Amino acid sequence: FGNALSIHPIDLLVNNAGTGGRYVGLAEVDMADALKVYDTNALGPLRVTRALLPSLSAARGKIVHVSSLMGSIGDNRSGRAYAYRMSKAALNMASLNLALELRDAGILSVAIHPGWVQTDMGGPSAPTRVDLAARQIVALADRIGLGDSGKFLAAADGRELPW
């Protein structure tokens, strides 16, 4: 991004990186593919956040990381999808770390689960349209404050989800 954006305050950053990888068991995990998924889903949002931190600081902005309930260790009942699950769990940890590190600067960081969404990754059978998911994420971002920083929330209703 360079310094071009750093002079403009940013109220809300939505880190919506997502690639799925393969929904396979341990024997079928392709390690190169898993690294690509991790790089996109966990490290990508850190890169964007770091690049835009001066702008977020100027606005005392909010950072929303689009995660997934599949990244919840406490909710995993089906296994498989190693790369995706592990990458979103790592994103959740990054979100919590950012919440702790940036709280004194007045910057909020949360992880949000948008639900199963009709994207290329989610497919046409998903129950939530992209436009609805986007509206829910923005509406939730509008409602939350610094007291919510560090949480993992459902976009649809704002309930806190298990890590």
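Before reading on, note that the structure itself is shown above.
Since the model is a prediction, treat every value here as computed from it, not as a measurement. Residue positions within a chain follow its written sequence, with the count starting from 1. A pLDDT threshold of at least 70 governs which residues receive local features in this predicted model, and a stricter bar of 80 or more applies before side-chain atom pairs are shown or counted, although totals over entire chains, interfaces and linings include all residues. Computation of side-chain values: all heavy atoms of the structure, hydrogens and water removed.

Its 29 residues give helix α1 (residues 31-59) an end-to-end C-alpha distance of 40 Å, which sits within 8% of 42 Å, the value for a rise of 1.5 Å per residue. Two axes are fitted around each residue, one to the seven residues ending there and one to the seven starting there, and the angle between them is reported as the bend at that residue. Strands here are runs of E lasting at least two residues and helices are runs of H or I lasting at least four, both read from the DSSP assignment and numbered beginning at the N terminus. Along α1, the helix axis deviates most sharply at Leu53, where the bend reaches about 60°; the proline Pro54 sits within four residues downstream. Only protein chains enter the accessibility calculation, which uses a 1.4 Å probe; a residue is then buried when its area is under 20% of its type maximum, exposed when over 50%, and partly exposed in between. Considered for burial, the residues of α1 that qualify are Ala34, Val37, Asn41, Ala42, Gly44, Pro45, Thr49, Leu52, Ser55 and Leu56. The criterion used for residue contact is that any of the two residues' heavy atoms lie within 4.5 Å. As for α1, its buried residues are in contact with β1 (12-15), β2 (62-66) and α2 (82-102). Residues adjacent in sequence count toward polar contacts only when both atoms are side-chain atoms; beyond that, a polar contact is any pair of N or O atoms within 3.5 Å, and within protein one must be able to donate a hydrogen and the other to accept it. Backbone nitrogen of Ala32 and a side-chain oxygen of the N-cap are separated by 2.9 Å at the start of α1; the cap is Asp30. Two residues or fewer past α1, Arg60 is found with a positive phi of approximately 50°. Working rule for helices: expected span equals 1.5 Å times residues minus one.

A few words on a nonpolar patch on the surface. A cluster of nonpolar side chains, Leu12, Val14 and Val138, forms an exposed patch at the surface whose accessible area comes to about 190 Å². Secondary-structure assignment places Val138 in helix α3 (residues 130-143). The patches described consist of residues with a relative accessible area above 30% and no salt bridge, like charges being joined within 9 Å and nonpolar side chains (Val, Leu, Ile, Met, Phe, Trp, Tyr) within 5 Å. The Shrake-Rupley method, run with a 1.4 Å probe, gives the accessible areas here. Residue values count only the displayed protein chains as cover. We define a salt bridge as a side-chain nitrogen of Lys or Arg found within 4 Å of a carboxyl oxygen belonging to Asp or Glu.

In this section: the sheet that holds β1. When DSSP finds at least two bridges between two strands, those strands are taken to pair. One open sheet holds the 4 strands; their spatial order is β1-β2-β3-β4, and the pairing between them is parallel. The outermost strands of the open sheet, each flanked by one partner alone, are β1 and β4 (152-154). Strand-to-strand twist across the sheet, computed as the mean angle between neighbouring axes with direction ignored, equals 30°. When β2 meets strand β3 (residues 108-113), the two strands line up parallel, connected through 5 bridges. Considered in β3, the bridge of His65 is made with Ala111. Against the sheet, α1 makes contact with β1 and β2, and its axis sits at roughly 175° relative to β1, the strand it touches most. Axis angles are defined between N-to-C directions and span 0 to 180 degrees, where every axis is a line fitted to C-alpha atoms and, for a helix, only to the segment in contact.

Before going further, it helps to examine the pattern of salt bridges. Tallied over the entire structure, the rule returns 6 salt bridges. The partner of Arg47 in a salt bridge is Asp39, and the shortest N-O contact between them spans 2.5 Å. Arg47 sits in the partly exposed class, given a relative accessible area of 42%. By relative accessible area, Asp39 is classed as partly exposed at 31%. In this structure, the salt-bridge partner of Arg129 is Asp131, at a minimum N-O distance of 3.0 Å. For Asp131, a relative accessible area of 37% puts it in the partly exposed group. Among the charged side chains, a salt-bridge network with shared partners connects Arg129, Asp131 and Arg135.

Moving on to the nonpolar core. One finds Val64, Val66, Leu108, Val110, Ile112, Ile137, Leu140, Ala141, Ile144, Leu153 and Ala155 forming the largest nonpolar core, which totals 11 residues. Beyond its immediate sequence surroundings of up to four residues, Ala141 is in contact with Leu12, Lys62 and Val64. For this analysis, a nonpolar core means a set of buried residues of the types Ala, Val, Leu, Ile, Met, Phe, Trp, Tyr and Cys, connected via side-chain atoms within 4.5 Å. Grouped together as the second largest cluster of nonpolar side chains are 8 residues, Ile10, Leu13, Leu56 and Leu98 included.

On to the packing of α1 against α2, then. At a minimum axis separation of 7 Å, α1 and α2 run at an interaxial angle of 20°. Looking at the two axes, α1 sits roughly parallel to α2. Of the two possible hands of crossing, α1 and α2 adopt the one that is right-handed. Together, Ala34, Val37, Tyr38, Asn41, Ala42, Pro45, Leu46, Thr49 and Leu53 of α1 and Ala83, Tyr84, Met86, Ser87, Lys88, Ala90, Leu91, Ala94, Leu98 and Leu102 of α2 make up the contact between the two elements. Amino acids are sorted into nonpolar (Ala, Val, Leu, Ile, Met, Phe, Trp, Tyr, Cys and Pro), charged (Asp, Glu, Lys and Arg) and polar (every other residue, Gly among them). Looking at side-chain class alone, the contact of α1 with α2 contains 15 nonpolar, 3 polar and 1 charged residues. Note that the term roughly parallel is reserved for angles under 35 degrees, roughly antiparallel for angles over 145, roughly perpendicular for angles of 65 to 115, and oblique for everything else. By convention, the crossing between two helices is left-handed when the near helix turns anticlockwise from the far helix through less than a right angle, and right-handed when the turn is clockwise.

Moving on: the pairing of β3. β3 sits mainly inside the fold: 6 of its 6 residues count as buried. Here β3 shows no split at all, with Leu108, Val110 and Ile112 on one side and Ser109, Ala111 and His113 on the other all buried. Clockwise travel from the first strand over the helix to the second, with the strands pointing away from the viewer, marks a crossover as right-handed. Between the parallel elements β2 and β3, the chain passes through α2 in a crossover that is right-handed. Bridge count between β3 and β4: 3 bridges; the pairing is parallel. Across the sheet, residue Ile112 finds its bridge partner in β4, namely Leu153.

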